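The chain contents come next:
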Amino acid sequence: MENLYGKDPEIEKQLAERIFLKELKECERFPKYLMIEPINACNARCIMCYYGAASGGIYRDRGEIISDELFNAIVKQMEPHAEWIEMVTMYGRGEPLLDMGLEAKISRLKDIGIKHIQLSTNAELLNGRTKELLESGVNDLRFSVDSVYKDRYEHIRKGLSFEKVIENIEEAINIRNSFYPDVPIRVRGVALEQNADEREEWMQFWKQRLRDSDKAEFIGYHPLHGEKDGGEDWPCISVFSTMVIHSNGNVVLCCNDWEGNVCIGNVSSQSLIEIWRSEKLANIRRLHITG
Ligand SMILES: C[S@@+](CC[C@H](N)C(=O)[O-])C[C@H]1O[C@@H](n2cnc3c(N)ncnc32)[C@H](O)[C@@H]1O
Ligand code: SF4
């Protein structure tokens, strides 16, 4: 494989280390991470989420579930690379539990030997599905909860019931403890001005329910309209590591490309490898290194 980048060996070395590669150009072999969106609809309208209220209510392609045919075609292409793949994330824009076929899809991934399968959910629709989800192969379970106060929570996560979500998560923790003790649970809140004064309480609330091997954390708010987030000026790893597949088959630039504005290809008409090794993506990678 030609050395695509070659401009700044130190940047390349550090990027490669972050995705467990000896050399960055090895990234072209196959994505180390895949994010597959099972459905692009949501039962909530969270104020900070583009797919919730923050887009002003635009729901592009609303309600599309990835077809079994397309999903199976993706899995078939992943199979020879199962060892190489570090993780598959089974959510994208929207709430994955709205897809009633989610467990069957996750089982397919487990069957081909994918080692790390991650799911993030707002937990309102769990309703006794935890055991099935863990049985299907989820081994990294994430719950999104931004406040431990009912009024605030329901203001941020519009459309969801605080009591229901907490009840579902407590039940999920019990099921995990009893049947899948090795699966870590992570509760994540988005750091917002609406919850700035309750970070310590929030942490205590979850520490009382979780085990030491679990994690509760606030994640930084990602600006939605291209504003700078004040983070480091360092090339994003995503284009070297992660293939983000929307439920309509579009492969997009990254998980923050909510509207799929930078579409690299579509898995209905192209193979995963063709898209991953395309000139279009190679150019974007070069720009990330040199830009
Ligand atoms: C887009 S959601 C999809 C999965 C599921 N609906 C959920 O809420 O967990 C994935 C994660 O993105 C987080 N999120 C949403 N908007 C965000 C923003 N503007 N900045 C940072 N994280 C955000 C959510 O809190 C959630 O943890
Ligand atoms: S539940 Fe998840 S996808 Fe839905 S609006 Fe909230 S953060 Fe966005």
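Note that the structure is predicted; figures quoted are calculated from it, not measured.

Lay out helix α3 (residues 68-78) in plain terms, naming residues and giving numbers.
Within α3 the residues assigned to the buried category are F71, I74 and M78. Seen end-on, α3 carries its buried residues on one side only, within an arc spanning 60°. Among the exposed residues of α3, those oriented more than 90 degrees off its buried face are D68, E69, N72 and K76. The inward-facing, buried residues of α3 contact β1 (33-36), α4 (102-111), β9 (242-245) and α10 (272-276).

So what about the site of ligand 1? Which residues, and what values?
Near ligand 1 there are 15 residues, and of these C49, S120, N122, S144 and H222 occur at the shortest range. Those elements that place two or more of their residues in the shell around ligand 1 are β4 (117-121) and β7 (185-190). Across the shell around ligand 1, the residue classes tally to eight nonpolar, five polar and two charged.

Give a detailed account of the nonpolar core, specifying residues and quantitative values.
Across soluble globular proteins, nonpolar side chains have a tendency to be buried as a group. One finds V88, M90, I245 and V251 to be the most contacted residues of the largest nonpolar core, which totals 60 residues. Top contributing element to this core by residue count: helix α7 (residues 162-179), with four residues.

Quick rundown of α7? Include the residues and the values.
The terminal C-alpha atoms of α7, which comprises 18 residues, lie 26 Å apart, in line with the 26 Å expected from a rise of 1.5 Å per residue. Of the positions making up α7, those classed as buried are V165, N168, I169, A172, I173 and R176. All buried residues of α7 fall inside an arc of 140° around its axis, so they share one side. Residues of α7 that are exposed and point over 90 degrees away from its buried face: E163, E170, N174, N177 and S178. Where α7 is buried, its residues meet α5 (130-136), β5 (140-144) and β7.

An account of the pairing of β1 is requested, with residue identities and associated values reported.
By the bridge criterion, three bridges tie β1 to strand β3 (residues 87-89) in an arrangement that is parallel. Directly across from L34, in β3, lies its bridge partner V88. As paired strands, β1 and β9 are joined by four bridges and run parallel to one another. Looking at the pairing, L34 lines up with M243 of β9.

Thresholds applied
Each chain carries its own residue numbering, running from 1 in the written order of its sequence. The naming scheme follows written order: chains are lettered A onward, ligands numbered 1 onward. Note on the predicted model: pLDDT of at least 70 is required for a residue's local features to be given, and 80 or more for side-chain atom pairs to be given and counted; whole-chain, interface and lining totals, by contrast, use all residues. Residues with at least 20 neighbouring C-beta atoms inside 10 Å of their own are called buried, those with 12 or fewer are called exposed, and the rest are partly exposed, where every C-beta is derived from the backbone. Helix and strand assignments come from DSSP, with helices taken as H or I runs of at least 4 residues and strands as E runs of at least 2, each series counted from the N terminus. For this quantity, the arc is that covered by the directions from the helix axis to the C-beta atoms. By the convention adopted here, residues are in contact when the distance between their C-beta atoms, placed from the backbone, does not exceed 7 Å. For each residue, a C-beta atom is placed from the backbone, and the residue counts as near a molecule or strand when that atom lies within 6 Å of it. Following the grouping adopted for this structure description, the nonpolar residues are Ala, Val, Leu, Ile, Met, Phe, Trp, Tyr, Cys and Pro, the charged ones are Asp, Glu, Lys and Arg, and the polar ones are all others, Gly among them. A set of buried residues qualifies as a nonpolar core if it consists of Ala, Val, Leu, Ile, Met, Phe, Trp, Tyr and Cys joined through C-beta atoms within 7 Å. Helices are assigned an expected span. That span is 1.5 Å times one less than the residue count. By the convention used here, strands pair only if DSSP detects at least 2 bridges between them.

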